[in-house]
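Chain by chain, the residues:
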Amino acid sequence: MLKHLYPCILLLSVSSHSLAQPTQTVTDSEAKPLLDPINLSSPDTLVTPFKATYSVLHKSKQVGTAIRELEKLSDNTYRYNYSTDIEWLIFDDKRAEESIVTIKNNHVIPQHYKYTREGTGRDKFYEWSYDIANNSGTNIKEKKTLPIEFPENVQDSLSYHLQHRLNLLKNPEQKTFVYPVIRTSGDIREYAYEYDGTEDLMLPYGLVKTIKLKREVTEKERVTYAWFAPELNYLLVRLYQAKGGTEQFEAQLTAVETYSAPDKQKETHKVLAPVAELNK
């Protein structure tokens, strides 16, 4: 049974016929404070550093937490992190991903990727560096440099999430998104998402209006839904996966902190209600 849960947690770490909770309408009195609006004329403001915290749920019960964070390292270089910490019955799983990227003209270029997993089952570790301009990648764990024909706009298993958000900010009307993603094996696979409507969601963070995108992997009978909030500059606020029509795991936004360059002044949007109350 536990082995069937690994793929969905991997999805939460990197990234469903809608089985969403009942939607509610946002009123002016209930709406959360918005993040500072993004100035699309300035490329740098499209990737304002932030830290978002999520509750990880299984069948409406909280089983862990997830954190997504973007940190600015230099003028065009960023560290993008995503981690999960999950405990369910005898199942214990901790995962962390890190992607170092450069951003030019709102185009994310992956430079270095690292992934670790520990807990129930076999521990895993992968680390790659990429030289996109010269079509080569180095498997640091195995100390091997390989020739790789990188397609245009290639992403790693985490950086495509950041590119996806930039694409939504630049073109909110776009309906189809396709990303060539380089995997830890060195092969490249296309990830495709389709627009699937809008929803008003009640989350631990609060009530938010969202757009919903869908990714379906037919051969694995797996469907994933991702919700992004325009009022939060298209931050990912919910992620849900089902396989073979059965719910697996989901992540729901609980809080987000944003940092305004250059002084990194922090603004925190806190949890409105505990998950337990929202699921009554």
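Residues numbered from 1 in each chain as written. Predicted model: local features only at pLDDT ≥ 70, side-chain atom pairs only at ≥ 80, totals over all residues. Heavy atoms only, no water.

K.L.:
I'd like a rundown of the overall build of the protein chain, residues and numbers included.
P.N.:
Counting its regular elements, the protein chain contains 3 helices and 16 strands. Counting every atom, the protein chain has about 13,600 Å² of accessible surface; 49% of that belongs to carbon and sulfur. (Helix = DSSP H or I, 4+ residues; strand = E, 2+ residues; numbered from the N terminus. Areas by Shrake-Rupley, 256 points an atom, 1.4 Å probe, with all protein chains shown as cover.)

K.L.:
Which residues make up the pairing of strand S13 (residues 222-229), and what values do they have?
P.N.:
Summarising burial for S13: 8 of the 8 residues are buried, a large majority. Where burial is concerned, the two faces of S13 agree: the one with Arg222, Thr224, Ala226 and Phe228 and the one with Val223, Tyr225, Trp227 and Ala229 are both buried. Bridge analysis of strand S12 (residues 206-217) against S13 gives 7 bridges, and the strand direction is antiparallel. Across the sheet, Val217 pairs through a bridge with Arg222, a residue of S13. (Buried < 20%, exposed > 50% of the residue type's maximum accessible area, 1.4 Å probe, protein only. Pairing = 2+ DSSP bridges.)

K.L.:
So, the pattern of salt bridges: which residues are in play, and what are the values?
P.N.:
Counted under the stated rule, the structure contains 12 salt bridges. Between Glu71 and Arg79 there is a salt bridge whose closest N-O contact spans 2.8 Å. Here Arg79 falls in the partly exposed class, since its relative accessible area comes to 23%. Here Lys214 ties to Glu216 by a salt bridge, and the two come within 3.6 Å at their closest N and O atoms. (Salt bridge = Lys/Arg side-chain N within 4 Å of Asp/Glu carboxyl O.)

K.L.:
With reference to specific residues and values, describe the packing of aromatic side chains.
P.N.:
Scanning the model with the defined rule gives 8 aromatic pairs in all. On the numbers, 6.1 Å between centres and 10° between planes, the contact of Trp128 with Tyr130 is stacked. Each member of the pair, Trp128 together with Tyr130, is buried. Consider the rings of Tyr225 and Trp227, whose centres lie 6.0 Å apart with planes at 35°: the pair is tilted. A single burial state applies to Tyr225 and to Trp227, both of which are buried. In this structure, Arg215 is placed above the aromatic ring of Tyr191, and the distance from its NZ or CZ to the ring centre is 4.0 Å. (Phe/Tyr/Trp six-rings, centres within 6.5 Å; stacked < 30°, edge-to-face > 60°. Lys NZ or Arg CZ within 6 Å of the ring centre and 35° of its normal.)

K.L.:
Which residues make up helix H2 (residues 159-170), and what are the values?
P.N.:
Residues separated by three or four positions in an α-helix point in the same direction, a consequence of the helix having 3.6 residues per turn. With 12 residues, H2 should reach 16 Å at 1.5 Å per residue; the first-to-last C-alpha distance of 17 Å fits that figure. Where burial is concerned, most of H2 is hidden: 11 out of the 12 residues are buried. The set of residues buried in H2 consists of Ser159, Tyr160, His161, Leu162, Gln163, His164, Arg165, Leu166, Asn167, Leu168 and Leu169. (Expected span 1.5 Å × (residues − 1).)

K.L.:
So, the nonpolar core: which residues are in play, and what are the values?
P.N.:
Formed by 60 residues in total, the largest nonpolar core has its most connected members in Tyr54, Phe228, Leu232, Leu235, Val237 and Leu253. Beyond its immediate stretch of four places on either side in the chain, Tyr54 contacts Gly64, Thr65, Ala66, Arg68, Tyr82, Leu235, Leu236, Val237, Ala251, Gln252, Leu253 and Thr254. (Core = buried A, V, L, I, M, F, W, Y, C linked by side-chain atoms within 4.5 Å. Contact = heavy atoms within 4.5 Å.)

K.L.:
Quick one: what's the story with unusual backbone geometry, residue by residue and with numbers?
P.N.:
Of note in the backbone geometry, Asn135 takes a positive phi value of approximately 55° without being a glycine. Tracing the backbone shows Asn135 in the loop between strand S6 (124-131) and strand S7 (136-139).

In short, the description is geometric, and any link to function would need to be established separately.
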